[in-house]
Amino acid sequence: MAVAGAGGLLGTGSAQAQSAPAVRGLPDFTELVEQVGPSVVNIRTTEKVSSRPALNGMDEDMLEFFRRFGVPVPNIPRQQGPQRPQPEEQPRGVGSGFILTPDGYVMTNAHVVEGADEVIVTLTDKREFKAKIVGADKRTDVAVVKIDATGLPAVKVGDVSRLKAGEWVMAIGSPFGLENTVTAGIVSAKQRDTGDYLPFIQTDVAINPGNSGGPLINMRGEVVGINSQIYSRSGGFMGISFAIPIDEAIRVSEQLRTVGRVSRGRIGVQIESVSKDVAESIGLGKSQGALVRGVEAGSPAEKAGIEAGDIITRYDGKAVEKVSDLPRLVGNTKPGTKTSITVFRRGASRDLSITIAEVEPEEKAVAKAAEQESKGKSSSAAQQIGLVVAELTAAQEKELKVKGGVRVVTAADAAARAGLRTDDVIVALANTEIRNLKDFEAALAKADKAKPINVLFRRGEWAQYTLIRPAR
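Quick caveat, the model's predicted, so the values are computed rather than measured.

**Things to note about the nonpolar core**
If you look at the biggest cluster of nonpolar residues, it comprises 37 residues, and the most contacted ones within it are Phe-98, Met-107 and Ile-246. The leading source of residues in this core is helix 5 (residues 246-259), at 5 residues. Here Met-107 is in contact with Gly-97, Phe-98, Leu-100, Val-142, Ala-143, Gly-213, Ile-226, Ile-246, Ala-249, Ile-250 and Ser-253, once residues within four sequence places are set aside. Counting residues in hydrophobic clusters, the runner-up holds 22 residues, among them Leu-387, Ala-414, Leu-429 and Phe-457.

**Side note on the environment of Glu-358**
For Glu-358, the position within the fold is in strand 21 (residues 357-358). Measuring from C-alpha to C-alpha, the distance between Glu-358 and Lys-334 comes to 7.9 Å, with 24 residues separating the pair along the chain. Each residue touching Glu-358, except ones within four places of it in the same chain, is listed here: Arg-261, Ser-263, Arg-264, Arg-266 and Pro-335. Of note is the side chain of Glu-358, whose polar atom sits 3.1 Å from the side chain of Arg-261.

**A few points about the confidence of the model for the protein chain**
Residues at a pLDDT of 70 or more form 79% of the protein chain, whose mean pLDDT is 82. Low confidence marks residues 1-17, where pLDDT is under 50. Its contacts with residues over four positions away, or in another chain, come to 0 contacts. In the predicted structure, residues 365-374 sits below a pLDDT of 50 and forms 6 contacts with residues beyond four places in sequence or in another chain.

**A word on the environment of Asp-424**
With respect to the helices and strands, Asp-424 occurs in the loop between helix 12 (413-417) and strand 24 (425-429). The exposure class assigned to Asp-424 is buried, which follows from its relative accessible area of 1%. For the pair Asp-424 and Val-409, spaced 15 residues apart in sequence, the C-alpha to C-alpha distance is 8.3 Å. Ignoring any residue separated from it by four or fewer positions in sequence, one finds Asp-424 in contact with Val-406, Arg-407, Val-408, Gly-419, Phe-457, Arg-458 and Arg-459.

**A closer look at the pairing of strand 6 (residues 142-146)**
The buried fraction of strand 6 amounts to 4 of the 5 residues, a majority that puts the element mostly inside the structure. In the sheet, strand 3 (residues 105-108) pairs with strand 6 via 4 bridges, with the strands oriented antiparallel. By the bridge assignment for strand 6, Tyr-105 is matched with Lys-146.

**With respect to helix 5**
In this model helix 5 runs 20 Å from its N-terminal to its C-terminal C-alpha over 14 residues, within 8% of the 20 Å that 1.5 Å per residue would give. Taken residue by residue, helix 5 has Ile-246, Glu-248, Ala-249, Ile-250, Val-252, Ser-253 and Leu-256 as its buried positions.

**Observations regarding a nonpolar patch on the surface**
Among the surface-exposed residues, Leu-26, Trp-168 and Met-219 lie close enough to one another that they form a single nonpolar patch of about 320 Å² accessible area. Checked against the element boundaries, Leu-26 lands in the loop between helix 1 (2-19) and helix 2 (30-36). Residue classification places Leu-26 among the exposed residues on the basis of a relative accessible area of 73%.

**Regarding the packing of aromatic side chains**
Geometry of an aromatic ring pair is reported as the spacing of the ring centres plus the angle between the planes. Going through the model one piece at a time under the given rule, you end up with 2 aromatic pairs. Centre to centre, the rings of Phe-29 and Trp-168 are 6.0 Å apart; their planes meet at 65 degrees, and the pair counts as edge-to-face. Highlighted residues: Phe-29 in the loop between helix 1 and helix 2 and Trp-168 in strand 8 (residues 168-173), separated in sequence by 139 residues. With a centroid separation of 6.2 Å and an interplanar angle of 70 degrees, the aromatic rings of Phe-200 and Phe-242 are classed as edge-to-face. Highlighted residues: Phe-200 in strand 10 (residues 199-203) and Phe-242 in strand 13 (residues 241-245), separated in sequence by 42 residues. Judged by its relative accessible area of 11%, Phe-242 falls in the buried class. Between Lys-146 and the ring centre of Tyr-105, over which it is positioned, the NZ or CZ distance is 5.4 Å. Arg-257 extends its terminal NZ or CZ atom over the ring of Tyr-105, reaching a point 4.4 Å from the ring centre.

**Description of the pattern of salt bridges**
What the rule picks out here adds up to 20 salt bridges. A salt bridge links Glu-118 to Lys-130; the shortest N-O distance between them is 2.9 Å. Highlighted residues: Glu-118 in strand 4 (residues 118-122) and Lys-130 in strand 5 (residues 128-137), separated in sequence by 12 residues. The exposed category is assigned to Lys-130, whose relative accessible area is 63%. Among the salt bridges present, the one from Arg-293 reaches Glu-272, with a minimum N-O distance of 3.2 Å. With Arg-293 in strand 16 (residues 290-295) and Glu-272 in strand 15 (residues 269-272), this pair connects stretches of sequence that are 21 residues apart. Owing to a relative accessible area of 43%, Arg-293 belongs among the partly exposed residues under this scheme. Using a relative accessible area of 34% as the deciding quantity, one classes Glu-272 as partly exposed.

**As for the side chain of Ser-241**
Among the secondary structure elements, Ser-241 is positioned in strand 13. Classification of Ser-241 as buried rests on a relative accessible area of 1%. Of note is the side chain of Ser-241, whose polar atom sits 2.8 Å from the side chain of Thr-203. Among the polar contacts listed, one links the side chain of Ser-241 to the backbone oxygen of Val-205, at a separation of 3.0 Å. Discounting residues that sit within four places of it in the chain, Ser-241 has contacts with Ile-201, Gln-202, Thr-203, Asp-204, Val-205, Ile-207, Gln-229 and Ile-230.

Quick notes on the rules
- Residue positions are given per chain, counted from 1 along the sequence in the order it is written.
- Predicted model: local features are reported for residues with pLDDT of at least 70 only, side-chain atom pairs are reported and counted for 80 or more only, and whole-chain, interface and lining totals are derived from all residues.
- Side-chain numbers here rest on the full set of heavy atoms in the structure, without hydrogens or water.
- Only buried residues count toward a nonpolar core. Its members are Ala, Val, Leu, Ile, Met, Phe, Trp, Tyr and Cys residues joined through side-chain atoms within 4.5 Å.
- The classification of residues rests on relative accessible area computed with a 1.4 Å probe and restricted to protein chains. Under 20% of the type maximum is buried, over 50% is exposed, and intermediate values are partly exposed.
- A run of DSSP states H or I qualifies as a helix once it reaches four residues; a run of E qualifies as a strand once it reaches two. Both are numbered from the N-terminal end.
- Whether two residues are in contact is decided by their heavy atoms: any pair within 4.5 Å suffices.
- Definition of a polar contact: a pair of N or O atoms within 3.5 Å, with one able to donate and the other able to accept a hydrogen when the atoms are protein atoms, and with sequence-neighbouring residues admitted only if both atoms are side-chain atoms.
- Known as pLDDT, the predictor's confidence for each residue is given on a scale from 0 to 100.
- Here the rule is simple: two strands pair whenever DSSP picks up at least two bridges between them.
- Helix span is expected to be 1.5 Å times the residue number reduced by one.
- Excluding any residue in a salt bridge, patches collect residues exceeding 30% relative accessible area, merging like charges within 9 Å and nonpolar Val, Leu, Ile, Met, Phe, Trp and Tyr side chains within 5 Å.
- Values of accessible area rely on a 1.4 Å probe in the Shrake-Rupley scheme; residue burial ignores everything except the protein chains shown.
- Basic side-chain nitrogens of Lys or Arg form a salt bridge, by our definition, when they fall within 4 Å of a carboxyl oxygen of Asp or Glu.
- Aromatic rings from Phe, Tyr and Trp, taking only the six-membered ring of Trp, are treated as a pair when their centres fall within 6.5 Å; an angle between ring planes under 30 degrees marks them as stacked, one over 60 as edge-to-face, and anything in between as tilted.
- Only when the NZ atom of a Lys or the CZ atom of an Arg is both within 6 Å of the ring centre and within 35 degrees of the ring normal do we say a charge sits over the ring.

See the structure below:
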């Protein structure tokens, strides 16, 4: 009976085994590592810092003490003067990269090489090269450097459109300086919105400091992304990492290699998402497109006839499904290009022709912001509530159709908490009309700082009230 029973059990198990679906094995990455590994590089950066040399075991501060009080410096000849600080190379950071072309172009992240005085690229065969920064684009976090070498093993570039969620991918880099480290996982999602110009690839591949700039590789041995960011509350890997799609990175790298910078298109609108309720109420049907909140004076959008309240549904024949689609489509358009844009206005769609302008280079934008801030003025009372303001120009008054006011240059602390932001125009404060800086300072001086201060301000064509509550 025992044998018969055992035979019966074996028979049942065999039947179950025959009906069970086949289990797929885990992928083997060894061949991929051998294939792609030589194309991955380690990137070290250094910066020059001023160091004060020690003299007879004493630093410059101690020597200054002896000189100031006329005390002879021990064991040092009187004719020997103080030495000047000498610049010294110090390690700045470690990152990763990969060889883009056999003649020495290497792609990495912009934040890896930002602020570096020297970039050192190390190949897997331990050869080291000093690299020249060809160009870097902070908006997409893509950089290209060049080393003086030929016949290098370049990567194969993959097709991001073929990449699917759940697909196995691999990363090679230098986390914490540990060169040629291999990690693997799957694609968690595509088209993740974490920036204006990039739809990131989300993965669960282990990425840590030092992996930045390294390649994300599919099972065909093709690079599909540049490992760039992680989501973390601790500073280390927590299961979510993001990669820049390689097609976007290549587009940027081509401009960096050609002209050293990236030019992007702009049309001059402020936009926001379209809610489901709004879409249904105006007859749009579903929540899609980009709602135009404001149009810049003299911008391509104004010249094309775009109005506040329009919903942009198509650009250059491509559907604008969500608000983040529009900046990417416009940004990838060459400035000067004439194209079409479709807007939904008062229950009907209409096509408009528009000529794309260029986004101001980052250096000029920063310089302009610094110049504007330098023109702003701030009394101690204004500083206490976080405001720096400036006089309005005649052109600004005409554009905004106001008789006066002060423009917010910066808003921080209590002012920021109240919702004020740069370029808002304050027209009244503490129930007092504001025409200029003098009025603003006088009204603020009279205001009771122990109570919330009411502020009437203009943002574009709209006026609204807010309350600034000084910290106690």
